[in-house]
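Residue strings, one per chain:
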Amino acid sequence: MRASNKSLWGAIAGVVLVAAAALLAWNAFGRDPKAPSVDYHLVGGNTLSSANLRGKVVLVEFWATSCTTCVADMRNMVRTYDAFAPKGFDLVAVSMYYDNPQYVENFTRSGPVGKLPFPVAMDRSGDVAKAFGDVRLTPTSFLIDRSGRIVKQYVGPPNMDELHAMIGQLLQRQA
């Protein structure tokens, strides 16, 4: 067998393995798994509990100041928050454990998009990322319905038209 065929079979085996793991995870957690109960330690020292967010549609966005895609996408997050917050939507931006706290604080107060209008949490221990399935890639977002169920996960920047449509639909439903 030639080296290129071995590489092709190796790549196919890797894809099959990842797909099987995803299917097992999907079956283990169900279609709409409950979002974990966590405490978000916010910039400025306050704490926000996931219990305080029940009854709202929430987007939890894992990001890092060192992630250029995250920084560029933050403008979309601000627009999304501004459009839907008056209707019962909230957004929590969770900086990754490896992010420099001073960079996060500076970005939150006066980054490229100005002062962020939504809560920003610093996950210094990595516990929040672990609770959401050991998030490692940024940006990763979780859309949570009013009942506290995860209805969509995005790895990478979300398709904003799709995200806005889903938020609109979820806001029309009762918990």
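Residues numbered from 1 in each chain as written. Predicted model: local features only at pLDDT ≥ 70, side-chain atom pairs only at ≥ 80, totals over all residues. Heavy atoms only, no water.

### Points about the nonpolar core
In this structure, Tyr40, Phe62, Phe89, Phe118 and Phe132 are the most contacted members of the largest nonpolar core, which totals 50 residues. When neighbours within four sequence positions are excluded, Phe89 is seen to be in contact with Val57, Val58, Leu59, Thr80, Tyr81, Phe84, Ile167 and Leu171. (Core = buried A, V, L, I, M, F, W, Y, C linked by side-chain atoms within 4.5 Å. Buried < 20%, exposed > 50% of the residue type's maximum accessible area, 1.4 Å probe, protein only. Contact = heavy atoms within 4.5 Å.)

### Observations concerning the confidence of the model for the protein
A residue-level look at the protein finds 81% of positions with pLDDT of 70 or above and a mean pLDDT of 88. In the model, residues 14-30 has pLDDT below 50 throughout and makes 1 contact with residues more than four positions away in sequence or in other chains. (pLDDT = per-residue confidence, 0-100.)

### What to know about helix H3 (residues 101-110)
Along an α-helix, a turn takes 3.6 residues, which lines up residues three or four apart on a common side. Inspection of H3 places Val104, Glu105, Phe107 and Thr108 among the buried residues, and these make up the whole buried set. With its buried residues spanning 165° around the axis, H3 presents them on a single face. Turned more than 90 degrees off the buried face of H3, the exposed positions are Tyr103 and Ser110. Where H3 is buried, its residues touch strand S3 (57-63), helix H2 (68-84), strand S4 (89-95) and strand S5 (120-122). A side-chain oxygen of the first residue of H3 lies 2.8 Å from the backbone nitrogen of Gln102; this N-cap is Asn100. (Helix = DSSP H or I, 4+ residues; strand = E, 2+ residues; numbered from the N terminus. Arc of directions from axis to C-beta. Polar contact = N/O pair within 3.5 Å; in protein donor to acceptor, adjacent residues only side chain to side chain.)

### Things to note about the pairing of S3
The buried count for S3 comes to 7 of 7 residues, which makes it a mostly enclosed element. The alternating pattern of S3 places Val57, Leu59, Glu61 and Trp63 on one face and Val58, Val60 and Phe62 on the opposite face, and all of these are buried. Relative to S4, S3 runs parallel, the two being bridged by 7 bridges. Residue Val58 lies in a different strand from S4, and its bridge partner there is Asp90. (Pairing = 2+ DSSP bridges.)

### Thoughts on the packing of aromatic side chains
Evaluation of the coordinates by the stated rule reveals 7 aromatic pairs. A ring pair is formed by Tyr81 and Phe118, whose centres lie 5.7 Å apart and whose planes are at 65°; its orientation type is edge-to-face. Residue Tyr81 is located in helix H2, and its partner Phe118 is located in the loop between H3 and S5; the two are separated by 37 residues in the primary sequence. Considering the side-chain rings of Phe132 and Phe142, the 4.8 Å spacing of their centres and the 45° angle between planes classify their relative orientation as tilted. A residue pair is termed long-range when its members are at least 10 positions apart, and Phe132 in the loop between helix H4 (127-131) and strand S6 (140-144) and Phe142 in strand S6 qualify at 10 residues. (Phe/Tyr/Trp six-rings, centres within 6.5 Å; stacked < 30°, edge-to-face > 60°.)

### Details of helix H5 (residues 160-172)
Taking 1.5 Å as the rise per residue, H5 with 13 residues should run 18 Å; its terminal C-alpha atoms sit 18 Å apart, in good agreement. Tucked inside the fold, the buried residues of H5 contact S3, H2, S4, S6 and strand S7 (150-155). At the N-terminal end of H5, a side-chain oxygen is found 3.0 Å from the backbone nitrogen of Asp161, two or three residues along, and the residue is Asn159. (Expected span 1.5 Å × (residues − 1).)

### A word on the pattern of salt bridges
Considering all chains together, one arrives at 5 salt bridges under this definition. With a shortest N-O distance of 3.5 Å, Glu105 and Arg109 are connected by a salt bridge. On the criterion of helical spacing, the pair formed by Glu105 and Arg109 is a turn pair, its members being 4 residues apart in helix H3. For Arg109, a relative accessible area of 47% translates into the label partly exposed. For Asp145, the salt bridge goes to Arg149, with nearest N and O atoms at 4.0 Å. The class of Asp145 is buried, set by a relative accessible area of 11%. (Salt bridge = Lys/Arg side-chain N within 4 Å of Asp/Glu carboxyl O.)

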